[in-house]
Amino acid sequence: MSVIGIDFGNESCYVAVAKAGGIETIANDYSLRATPACVAFVGRNRVLGVAAKNQQVTNMNNTIGNFKGLLGRKFNDPYVQDELRTLPYRTEALSDGGIGIRVNYLDEEHVFTPEQITAMLFTKLKDDAFKELKTQINDCVVTVPSYFTNAQRHALLDAANISGLNVLRLMNETTATALSYGFYKQDLPASEEKPRNVIFVDCGHASLQVSACAFHKGSLKMLASCSDAVGGRDFDLVLATHFNKEFQTKYKIDASSKKRAFLRLMAEVEKLKKNMSANSTKLPLNIECFMNEIDVHSSMQRSEMEELSSHLFGRIESTMRKLLADSKLTAEEIHSVEIVGGSSRIPAIKQLIEQIFGKSASTTLNQDEAVSRGAALQCAIMSPAMRVRDFTCTDVQAYPVLISWTDADGAHEMKVFDQYHASPFTRLLTVHRKEPLTINLHYEPNSAPYPDVFIGSYHLKGIKPDTNGEPQEVKVKVRINHNGIVTILSATMYERKESEEPASPTPATNGDQPKSGDATQNSASPQGDESSKDKKKKVTTKQVELTIDSKTHGFVHADLSKFFEEEMKMIANDRQEKERIDARNALEEQVYEVREKVQEDGTLHAYIDPQDAAEICRELEETENWLYEEGESCEKGVYKARLEKMRAKIEPVRNRCEEYSGQEQAFIELGHAVQQTLKAVEQFRAKDPRYEHLTETEMINITEAAQKAQKWYEEARSKLVIVRKTEDPPIKLADIRHETQTLTTCTNSVLNRPKPKPQTPPADQNQQNSSAGTGNNSAGQDSQQKTTGGDNQDSNTQKQTTEDSMDVE
């Protein structure tokens, strides 16, 4: 069982796994740790990750990237409209106001939601983890930007559900980074001491997140988190726009008029930007055949880039200063500033950090993998399959949350969670109502970078007045769960009933005892008095769980089930398509391989009849033409049938080649075995001590076996001399090896027989001689004589045995 953490980035994704030896970031099928957040469709293929990124320029209409920011948003969202202007693929508005991404897949037009595209990427990440770990992936933790709203978090959970991932928690990227930092620190202060305050700056491809965290031993608490939608791609766009204007003047070409050219320009300026982070000298930019077969050349220095991007650095500075104000930390209270994210390597950002926080940027963490490692740690902590020491993470709610409702007195509104309120957290609200109530949750206006502040609408059913017609108490639980999603968890009505029961006038005399809770006051009153004094009031409270009809973000169950089934079908189609392509490639490889081998200088040319060779070459040419014409997209079975037909014709030639090629070596081995056997017989005749325990009969037997093998060897050689290589050999390779094996087995069974052990006197006889106390010397001599005589006796016995055997034979 394995648990993984997924860092779902706008440009790249990382997957880390928790193992017994620690946390490890796994590689994909290209042996890279970073998997591009890219999904492409090529004919009947669905291409994911690195392969999708590699063909983006040539297939940009069907290659989907930069879709993380589209999750949970509507098509008419101003942010979405800004994004769509730079995206090369086609989008449209759906009937529910959502975003549809139109692609050509399976030779048909398909429209997918950003959630479905994200699920496809998750399928790829899950498959990579399965291949690397060779075990089923059970649980995972997925990271999200701290600025994601309820709608965006619901969308990401929906995407994970569509892909079949079991998400234990959506974890803020800032919190995952902090956990990755603090979990292995052994010098954190105790809980009663002042915390260690650390600032984390994460500038990635599409966003900047700056957070403050307080550490104690075994726990962390997020203090504040500020963000802005500025990242590495914004610097790339600034540089691309600058060079495009230069090329318009210098070369009279406009890259912005062609999406493919501008995409190439963005890729080149990204490389230039990364080089400028390490070099302050002027660096060249060269693109061959950029547009209209024109090669373009230019250069830039780091200082020029910083000047062009001054407005971006201004936004980064204001975000950092806002965090300093929100966290209420002074420069003296800050222990260190840790940077993660690819764009944090820009020197100007490091200078801003030192200027604002009074600390130089520290690179203790792996800037690319820290988020995924923190997610894997959190998953290991939460999963029952892993045993990990506990580390408490207290997160914060990024935006203030309000609750509102309307009744006979008008509209009401109150703040239920402040900004940076601890998360997860549950708040209990009490209202008094006579009738069903609709409660709305929403963010404080202008607090979130999201046009719609709506969180959810919850209709509480079953509320009714008490028996006196008065309002009843209703308690509502509002919760920020561990996914950072705000919701109304439950609603309970406390139904109170008053009942009057007559009091007992006298103690019970028939053995009945008063029930628990019955009042005994006024028991002395006359029995016939029906006044209120003679009656008691009993109040009972009954808790009634109210039914809640909720309307919030995310897909309904029916849509989720439909999208899940579609994803499973696409996975099955991917598998079938891979098998089909593998079968086609196998046929194509067979064509090239056979053609090369049957040519004049090929390995099979000498073993095939010229007429058969010409026929096979004609068939190869026909198959090749068929592959690139009507056979381009056939089913797997068609390719396999053609492959088997081709193999049936060429297999006899291959077998002849293997037979003739291997026979020479096989004959050498047989001849060597014959020589070794005859040599052993000669050594036996020469009284070699190694074979003195063997009998004459045994030697005669192996001599006859060697002579028989030698005769077979000579006859087989003579038969092969008159046979052409284009004909099947009358002597098979297996026959030669069988003769060699037979002779070797016969010889080894005789020559490797161990010598018999010499006989020794019984131990009890020696003990009797020594205990007698007399005649020790004579006993010793007798013993010596007996031992010597025993050897002669053994040799005589052996000789007699040999003679007997010969007589029998």
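Quick caveat: nothing in here was measured; it's all calculated off a predicted structure.

Undergrad: Teacher, can you tell me more about the overall build of the protein chain here?
TA: Within the protein chain one finds 18 helices and 30 strands. The proportion of buried residues among the 809 residues of the protein chain is 44%. Taking contacts inside the protein chain between residues at least 6 apart in sequence as the whole, the part at least 24 apart equals 68%.

Undergrad: Honestly, the nonpolar core in this entry has me stumped. Any pointers?
TA: Side chains of nonpolar character tend, in soluble globular proteins, to be buried together. Counting 83 residues, the largest nonpolar core has Ile199, Leu265, Phe290, Met320 and Phe357 as the members making the most contacts within it. At 8 residues, helix H11 (residues 370–382) tops the list of elements feeding residues into this core. When near neighbours in sequence (up to four residues on either side) are disregarded, Ile199 contacts Val210, Ser211, Ala212, Leu323, Leu329, Ile334, Ser336, Val337, Glu338 and Phe357. In this structure, Tyr105, Cys140, Tyr147 and Leu170 belong to the second largest nonpolar core, which totals 76 residues.

Undergrad: I would appreciate a short explanation of unusual backbone geometry in the present structure.
TA: What you tend to see is this: most non-glycine residues have negative phi, and most peptide bonds are trans. Pro424 follows Ser423 through a cis peptide bond whose omega is 0°. Take Pro424: it is sitting in the loop between strand E23 (421–423) and strand E24 (425–433). Positive phi, normally seen in glycine, also occurs at Cys289, with a value near 50°. Topologically, Cys289 is positioned in strand E16 (residues 283–291). Residue Cys289 is classed as partly exposed on the basis of its relative accessible area of 48%. With a phi angle near 60°, Lys687 is a residue other than glycine that sits in the positive phi range. For Lys687, the position within the fold is in the loop between helix H14 (636–685) and helix H15 (696–721). Take Lys687: its relative accessible area is 72%, and that puts it in the exposed class.

Undergrad: Would you take a moment to explain the packing of helix H4 (residues 150–163) against helix H12 (residues 557–598) for this structure?
TA: Running from amino to carboxyl end, H4 crosses H12 at an angle of 45°, the nearest separation of the two axes being 8 Å. By the criterion of interaxial angle, the relationship of H4 to H12 is oblique. Crossing of H4 over H12 shows right-handed handedness. Every residue of H12 that contacts H4 at Asp158, Asn161 and Ile162 is listed here: Leu560, Phe563, Phe564, Glu567 and Met568. For the contact of H4 with H12, the per-class residue count stands at 5 nonpolar, 1 polar and 2 charged.

Undergrad: Would you mind going over helix H5 (residues 173–182) with me for this structure?
TA: Residues spaced three or four apart along an α-helix point in a common direction, a consequence of the helix completing one turn every 3.6 residues. Within H5, 10 of the 10 residues are buried, which leaves it mostly tucked inside the rest of the structure. Buried within H5 we find Glu173, Thr174, Thr175, Ala176, Thr177, Ala178, Leu179, Ser180, Tyr181 and Gly182.

Undergrad: Hey, could you run me through helix H16 (residues 733–751) in this one?
TA: Here H16 contains 19 residues, and its C-alpha end-to-end distance of 27 Å stays within 8% of the 27 Å for a straight helix at 1.5 Å per residue. Regarding H16, the residues found buried are Leu733, Ile736, Glu739, Thr740, Leu743, Thr747, Val750 and Leu751. On an axial view of H16, the arc spanned by its buried residues comes to 145°, and they lie on one face. Those residues of H16 that are exposed and aimed more than 90 degrees away from the buried face are Ala734, Arg737, His738, Gln741 and Ser749. Considering only its buried residues, H16 is in contact with H14 and H15.

Undergrad: Is there a simple way to think about the pattern of salt bridges in this case?
TA: If the charged atoms of two oppositely charged side chains come close together, the side chains can form a pair. In the structure shown here, the tally under the stated rule is 51 salt bridges. Note that Asp127 and Lys131 form a salt bridge whose closest N and O atoms lie 3.3 Å from each other. In this pair, Asp127 and Lys131 are both assigned in helix H3 (residues 114–133), 4 residues apart and thus about one turn of the helix distant. For Lys131, a relative accessible area of 46% translates into the label partly exposed. A salt bridge links Arg345 to Asp368; the nearest nitrogen and oxygen atoms lie 3.2 Å apart. Here Asp368 lies in the loop between strand E19 (361–362) and H11 and Arg345 lies in the loop between strand E18 (334–340) and helix H10 (347–357), a separation of 23 residues in the sequence.

Undergrad: For this particular structure, what's the right way to read the packing of H5 against H11?
TA: Helix-helix packing is characterised by the crossing angle of the two axes and by the distance between the axes. Remark: H5 packs on H11, axes separated minimally by 7 Å, with the N-to-C direction vectors making an angle of 80°. Classified by the angle their axes make, H5 and H11 are roughly perpendicular. Taking contact as the criterion, the partners of Glu173, Ala176, Thr177, Leu179 and Ser180 in H5 are, on H11, Ala370, Val371, Arg373, Gly374, Ala375, Leu377 and Gln378.

Undergrad: When you look at the environment of Met320 in this model, what are you seeing that I'm missing?
TA: Its location among the elements puts Met320 in helix H9 (residues 310–327). With 37 residues separating them along the chain, Met320 and Phe357 place their C-alpha atoms 8.5 Å apart. What Met320 contacts, discounting residues up to four positions off in sequence, is Val201, Val210, Ile349, Leu352, Ile353, Ile356 and Phe357.

Undergrad: Help me understand the environment of Leu133, please; the structure alone is not making it clear to me.
TA: Summarising the element assignment, Leu133 is placed in helix H3. Accessibility expressed as a relative area gives 15% for Leu133, which makes it buried.

Undergrad: How do you make sense of the confidence of the model for the protein chain when you look at a structure like this?
TA: Do not read the fine detail of predicted coordinates wherever pLDDT is low. Per-residue pLDDT for the protein chain has a mean of 87; in total, 89% of the residues score no lower than 70. The low-confidence segment residues 765–809, where pLDDT is below 50, has 12 contacts with residues more than four positions distant or belonging to other chains.

Undergrad: So what exactly am I meant to see when it comes to the sheet that holds strand E15 (residues 219–228) here?
TA: Sheets are built from strands that pair by backbone hydrogen bonding, the pairs being arranged parallel or antiparallel. If you trace the 7 strands from one edge of the open sheet to the other, you get E19-E18-E13-E14-E15-E20-E23, paired in mixed fashion. Each edge of the sheet is formed by a strand with only one pairing partner; in this case those strands are E19 and E23. Relative to E19, E18 runs parallel, the two sharing 2 bridges. Among the inter-strand pairings, Glu338 is bridged to a residue of E19, identified as Ser362.

Undergrad: Before we go on, may I ask you to explain the pairing of strand E1 (residues 2–8) in this structure?
TA: Remark: a regular strand shows side chains that alternate across the two faces of the sheet. Judged by how many residues are buried, E1 sits mostly within the fold: 7 of 7 residues are covered. Side chains of E1 alternate between two faces, with Ser2, Ile4, Ile6 and Phe8 and Val3, Gly5 and Asp7 buried alike. The pairing of E1 with strand E11 (residues 137–144) spans 5 bridges and is parallel. Bridged to Ile6 within E11 is Val142. By the bridge criterion, 6 bridges tie E1 to strand E2 (residues 12–19) in an arrangement that is antiparallel. Across the sheet, Phe8 pairs through a bridge with Cys13, a residue of E2. Taking the residues between adjacent antiparallel strands as the criterion, E1 and E2 are bridged by 3 residues.

Undergrad: Would you take a moment to explain the pairing of strand E5 (residues 39–42) for this structure?
TA: Sheet topology places E5 next to strand E6 (residues 45–48); 4 bridges connect them, and they run antiparallel. Bridging across to E6, Val42 finds its partner in Asn45. Linking E5 back to E6 in an antiparallel pair, the connection comprises 2 residues, with Gly43 at a positive phi of about 60°. Where E5 meets strand E7 (residues 63–64), 2 bridges bridge the pair, whose relative direction is antiparallel. Of the residues in E7, the one forming a bridge with Val39 is Ile64.

Undergrad: Before we go on, may I ask you to explain the packing of aromatic side chains in this structure?
TA: Inspection of the entire model under this criterion finds 20 aromatic pairs. Look at Phe8 and Phe122: their rings are 5.5 Å apart centre to centre, the planes differ by 75°, and that puts the pair in the edge-to-face class. Taken together, the residues span a long stretch of sequence, with Phe8 in strand E1 and Phe122 in helix H3 at a distance of 114 residues. Note on Phe8: relative accessible area 1%, which makes it buried. Here the aromatic residues Phe243, Phe247, Tyr251 and Phe290 are joined through ring pairs into a cluster of three or more. Positioned over the ring face of Tyr494 is Lys475, at 5.2 Å from the centre of the ring.

Parameters and conventions
- Residues numbered from 1 in each chain as written.
- Predicted model: local features only at pLDDT ≥ 70, side-chain atom pairs only at ≥ 80, totals over all residues.
- Heavy atoms only, no water.
- Helix = DSSP H or I, 4+ residues; strand = E, 2+ residues; numbered from the N terminus.
- Buried < 20%, exposed > 50% of the residue type's maximum accessible area, 1.4 Å probe, protein only.
- Contact = heavy atoms within 4.5 Å.
- Core = buried A, V, L, I, M, F, W, Y, C linked by side-chain atoms within 4.5 Å.
- Axes fitted to C-alpha atoms, helices over the stretch in contact; angles between N-to-C directions.
- Parallel < 35°, antiparallel > 145°, perpendicular 65-115°, else oblique.
- Left-handed = near helix turned anticlockwise from the far one by under 90°.
- Nonpolar A, V, L, I, M, F, W, Y, C, P; charged D, E, K, R; others polar.
- Expected span 1.5 Å × (residues − 1).
- Arc of directions from axis to C-beta.
- Salt bridge = Lys/Arg side-chain N within 4 Å of Asp/Glu carboxyl O.
- pLDDT = per-residue confidence, 0-100.
- Pairing = 2+ DSSP bridges.
- Phe/Tyr/Trp six-rings, centres within 6.5 Å; stacked < 30°, edge-to-face > 60°.
- Lys NZ or Arg CZ within 6 Å of the ring centre and 35° of its normal.

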